[in-house]
Amino acid sequence: MTGHVTAPAAALADQLPSWVTLLRAPNPGPMTLEGTNTWVLRAPGARDAVVIDPGPLDPGHLAAIVAHQPISLILLTHGHPDHVEAVAELAQRTEASVRGLMEGVQRPDDPPTDGELFRAAGLTITTVATPGHTADSACFVVEGGSERAVFTGDTILGRGTTVVAHPDGDLGDYLRSLDLLSAYDDIPALPGHGPALADCAAAARFYLAHRRARLDQVRQAVASGARTAPDVVAAVYADVDRSLWPAAEWSVRAQLAYLDQAGRESGAGFVGLDTP
């Protein structure tokens, strides 16, 4: 039986790329693990830095980021407050540009795009749309010298698995995003929470297998008589601390929506639940 995952989905990275500094925000918790990872990127000899996910609006954390000025670019993996709450203040203090795949973080005449390429801080940065955790989730593939890394936000975490934040998050999108990330073999995954992982592709493949096993469990729970999303949570996530059940219910609702849609498309007739 598939159980609750708390361990890393792949081996831990031995070290970070030479152009990466980790600043961890002081917001630990069940959903944020040790805290939000803010990543500061600057190749050796480069003048400006790039910041990925400024994190919460904590004065000490913000001061630690600002100490890395000059900062020319702020990148956002998605719009959840624990990643973006400090962005307006940081942008004001540093006059940095802000980019991400969520609406409202850049000029209306300059919309974000999948595949958008940046050359900043002596690095090459490519935006990869990875919806699923949220509709606006993105990863950033960064290259500097002989080193590469994928900054995964909450799409892949350093420990455990992430929630699909239904209805904004979508499980079908998430599975496709994981399939996309499974192509980045032997490239470190630097997540939004938890430790860095040595192999993005290995983590993505683990997540895919875990999600598919959870889908089987949801099917079995419904077949056994679960009539509401909380019923499914109680059956499928019985080994999870109850403080995490509200988040698990987001994922269950995403799983039920996915199974319902797949059943409609295939004619298999999966009977979904009433999940208002």
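Before reading on, note that the structure itself is shown above.
No experiment lies behind these values; they were computed from the predicted model shown. (Residues numbered from 1 in each chain as written. Predicted model: local features only at pLDDT ≥ 70, side-chain atom pairs only at ≥ 80, totals over all residues. Heavy atoms only, no water.)

## What about the side chain of T162?
The topology assignment puts T162 in the loop between β9 (147-153) and α4 (171-181). For T162, a relative accessible area of 5% gives the class buried. A polar atom in the side chain of T162 sits 2.8 Å from the backbone oxygen of D154. In this view, T162 contacts H133, D154, T155, L157, Y174, Y207, R211 and S251; residues no more than four positions away in its chain are not counted. (Helix = DSSP H or I, 4+ residues; strand = E, 2+ residues; numbered from the N terminus. Buried < 20%, exposed > 50% of the residue type's maximum accessible area, 1.4 Å probe, protein only. Polar contact = N/O pair within 3.5 Å; in protein donor to acceptor, adjacent residues only side chain to side chain. Contact = heavy atoms within 4.5 Å.)

## Section: the pattern of salt bridges
Tallying each qualifying case throughout the model produces 8 salt bridges. Salt-bridge contacts for D48 lead to R47; the nearest nitrogen and oxygen are separated by 2.6 Å. By relative accessible area, which is 21% here, D48 ends up partly exposed. Across the pair E89 and R93 runs a salt bridge, and its minimum N-O distance is 3.0 Å. Here R93 and E89 lie together in helix α3 (residues 87-94), a separation of 4 residues that amounts to about one turn. What makes R93 partly exposed here is its relative accessible area of 44%. (Salt bridge = Lys/Arg side-chain N within 4 Å of Asp/Glu carboxyl O.)

## Points about unusual backbone geometry
Excluding glycine, a negative phi dihedral is what most residues carry, and trans is how most peptide bonds are arranged. Cis geometry is found at the peptide bond from Q69 to P70, where omega equals 0 degrees. Looking at the element boundaries, P70 is found in the loop between α1 (59-66) and β4 (71-76). Omega for the bond connecting H166 with P167 falls within 30 degrees of zero, at 10 degrees, which places this linkage in the cis form. In this fold, P167 is placed in the loop between β9 and α4. Phi angles above zero are rare outside glycine, and L33 is one such case at about 55 degrees.

## Section: the sheet that holds β4
A sheet is described by the order of its strands in space; here 5 strands give the open sequence β1-β2-β3-β4-β5, paired in mixed fashion. Each having just a single partner strand, β1 (20-24) and β5 (97-100) make up the two edges of the open sheet. On average, each strand axis in the sheet is tilted by 20 degrees relative to the strand beside it, whichever way the strands run. With respect to the sheet, α1 is in contact with β1, β2 (37-41), β3 (49-52) and β4, its orientation differing from that of β1 by roughly 165 degrees. (Pairing = 2+ DSSP bridges. Axes fitted to C-alpha atoms, helices over the stretch in contact; angles between N-to-C directions.)

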